[in-house]
Amino acid sequence: MPDHAPGTARLPFPDAGAAWPELEAGLIQAKEKDVDWRAGRLAVYTYYRDEALLQVAQDAYAHYFTENALGKRAFPSLARLEGEVVEMGLSLFHAPSGAGGSFTSGGTESIFLAVCAARNAKPVAGRPNIVCCETLHATFNKAAMFLGLDVIRTPMTADFRADPAAIAAAIDDNTVMIGASAPGYSHGVFDPVAALGALAAARGLWLHVDACIGGFLNPFWPDAVPDFDFRVAGVTSLSADLHKYGMAAKGASLLLLRDAALKRHHSFEFDAWPRGTYATETFSGSRPAGSIAAAWAVLRHLGRAGYVENARIIHDAKARLAAGIEAIPGLRVLRPSELCMLLYGAEDPAIDLDALAERLGARGWFVGRNMQPKSIHLALNTVHAGTVGPYLADLAAAVAEVRAGALRGAEDRRTY
Ligand SMILES: Cc1ncc(COP(=O)(O)O)c(C=O)c1O
């Protein structure tokens, strides 16, 4: 949100209230220039199957719109629903008995809590650090900034994965955590979690698996995916976002722990104020109950069969899109290409990728760009099954424009 520009008139606080029809019209109008997610015009931020599933999530959310998930004593139903979502997650990711978990507001909070717990579980003499591949999500650095850790990032291999030998070499006496992606956001490939699990076990370190993007896709993907969950012996914790491929409402992720007792390392309790004991196991105080209810309803509504179907739809859309991209001379799909992520670049110097991104943008597509290697990035979801044809047609036209005008674009380094 931009700060208020000095010298310009500030929006006054409204004196009289406005009626809902007027406000609703204002909201509809406000959205006019936003990217159309229902039409699959972007492959980031939103996950959309169809109106029926959206309705389930919205209705469930609305049932708990006003309740506060901080208040489990007042709303015992929320404790039950939250517990059931965590239980379903523990089952999905093959957690052993004695495992536990928390429902959080998103991947960032799940990772924040994992980093906090790893730090608190292993006091070190110096400034604690996390060792990981350079591809690990940026939010680990965000957590490290707030929690006073360093992040040591080792170079990725030629196939965009963590190199266990490089990670082993970077571990020092102050290392408290190894981070692994399953898969990573930048390239969609899996780190070798089994090898990193063995390393973590041998060195007595906490291994966190970031399955924020992949968690609710990996178990259902038509192709075999590498072991990434609690079946790998050295995995201590795992994050999986319900508000991504879990298809739930925003504000929903799981942080799961192999041993529920580890929860004490990210829990907070305070008694030295007049109002008595304040205790929470996640970062937030007041929490939206709607996102818990929506996640509970969507998980149960889709069930394994629904998620398998979603994965099949995405897998099929990706294959059609990849084939179409490779049929356009001068473009190539980056490989390895795992799970839902599709990246493509230009092998012909006459096609400037920034110019291509801009031409696609002018045609109404919201374009994600990857920096290493330079490429266009798509995190495909079910909605894209219907956009393959129009996207490929626009892509071919955009390539022709770039070639014909020898266009050069401006670099845009923003992730989101
Ligand atoms: C692999 C991975 N980890 C963590 C995150 C952060 O999740 P959130 O934006 O829900 O906080 C993302 C978001 O895309 C992600 O892809």
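If you're wondering where the values come from, they're calculated on a predicted model, not measured in any experiment.

Caption draft 1: View of the nonpolar core. One finds L242, Y344, L356 and L395 to be the most contacted residues of the largest nonpolar core, which totals 103 residues. Here this core takes 16 residues from helix α8 (residues 289-326), the largest share from any one element. Judged by nonpolar contacts, the second largest core, of 24 residues, contains F112, A114, W206 and C212.

Caption draft 2: Spatial organisation of the pattern of salt bridges. Counted by the stated rule, this structure contains 23 salt bridges. Among the ionic pairs, R312 bridges to E309, the shortest N-O distance being 3.1 Å. You can see R312 and its partner E309 sitting in helix α8, three residues apart, about one turn around the helix. Residue classification places E309 among the partly exposed positions, given a relative accessible area of 30%. One salt bridge in this structure joins D348 and R403, with 2.7 Å as the shortest N-O distance. One end of the pair, D348, is in the loop between β11 (341-346) and α9 (353-362); the other, R403, is in helix α10 (residues 388-405), and 55 residues separate them in sequence. Classification of D348 as partly exposed rests on a relative accessible area of 23%.

Caption draft 3: Layout of the site of the ligand. As a structural note, the neighbourhood of the ligand is formed by 13 residues, with T108, D210, H243, K244 and Y416 the closest of them. Within the backbone of G107, an N or O atom sits 3.0 Å from an oxygen atom of the ligand. D210 places a polar side-chain atom, nitrogen or oxygen, 2.7 Å from a nitrogen atom of the ligand. When the ligand is considered free in solution it has 390 Å² of accessible area, and contact with the protein chains removes 87% of it. It is helix α4 (residues 107-121) that provides the largest number of residues to the shell around the ligand, a total of three residues. Its residues assigned to classes, the shell around the ligand comprises five nonpolar, five polar and three charged.

Caption draft 4: Summary view of the domain arrangement of the protein. Domain boundaries in the protein define domain 1 (58-301) and domain 2 (303-403). Summarising the inter-unit geometry, the C-alpha centres of domain 1 and domain 2 are found 29 Å apart. Counting residues at the interface gives 32 residues for domain 1 and 25 residues for domain 2. Between domain 1 and domain 2, the buried area comes to about 2,300 Å², and carbon and sulfur atoms account for 64% of it. A per-residue breakdown of the area domain 1 buries against domain 2 is headed by F220, W221 and Y245, which together make up 29% of the total.

Caption draft 5: Representation of the sheet that holds strand β2 (residues 129-133). Here seven strands make up an open sheet; going across it, the order is β1-β7-β6-β5-β4-β2-β3 and the pairing mixed. Whereas interior strands pair on both sides, the edge strands pair on one side only; in this sheet they are β1 (100-104) and β3 (150-154). Across this sheet, the average inter-strand angle for adjacent strands is 20°, counted without regard to direction. Alignment of β2 against strand β4 (residues 175-181), held across four bridges, turns out to be parallel. Counted as the bridge partner of V131 is I178 from β4.

Caption draft 6: Expanded view of the environment of A162. Along the polypeptide, A162 turns up in the loop between β3 and α6 (164-170). Each C-alpha atom, one on A162 and one on D191, is 5.3 Å from the other, the two residues being 29 residues apart in sequence. Among residues more than four places away in sequence, those in contact with A162 are C133, T157, I167, D191, P192 and L196.

Caption draft 7: Geometry of helix α5 (residues 139-147). Every buried residue belonging to α5 is among T139, F140, A143, A144 and L147, and all of these are buried. The buried residues of α5 occupy one face: seen down the axis, they fall within an arc of 150°. Exposed and oriented more than 90 degrees from the buried face of α5 are M145 and F146. Looking one or two places after α5, you find G148, whose phi comes out positive at around 75°.

Here is what the cut-offs are and how they apply
Residues numbered from 1 in each chain as written. Predicted model: local features only at pLDDT ≥ 70, side-chain atom pairs only at ≥ 80, totals over all residues. Heavy atoms only, no water. Core = buried A, V, L, I, M, F, W, Y, C linked by side-chain atoms within 4.5 Å. Buried < 20%, exposed > 50% of the residue type's maximum accessible area, 1.4 Å probe, protein only. Helix = DSSP H or I, 4+ residues; strand = E, 2+ residues; numbered from the N terminus. Salt bridge = Lys/Arg side-chain N within 4 Å of Asp/Glu carboxyl O. Near = heavy atom within 4 Å. Polar contact = N/O pair within 3.5 Å; in protein donor to acceptor, adjacent residues only side chain to side chain. Areas by Shrake-Rupley, 256 points an atom, 1.4 Å probe, with all protein chains shown as cover. Nonpolar A, V, L, I, M, F, W, Y, C, P; charged D, E, K, R; others polar. Domains from an automatic or database assignment. Contact = heavy atoms within 4.5 Å. Buried area = accessible area lost by both parts, 1.4 Å probe. Pairing = 2+ DSSP bridges. Axes fitted to C-alpha atoms, helices over the stretch in contact; angles between N-to-C directions. Arc of directions from axis to C-beta.

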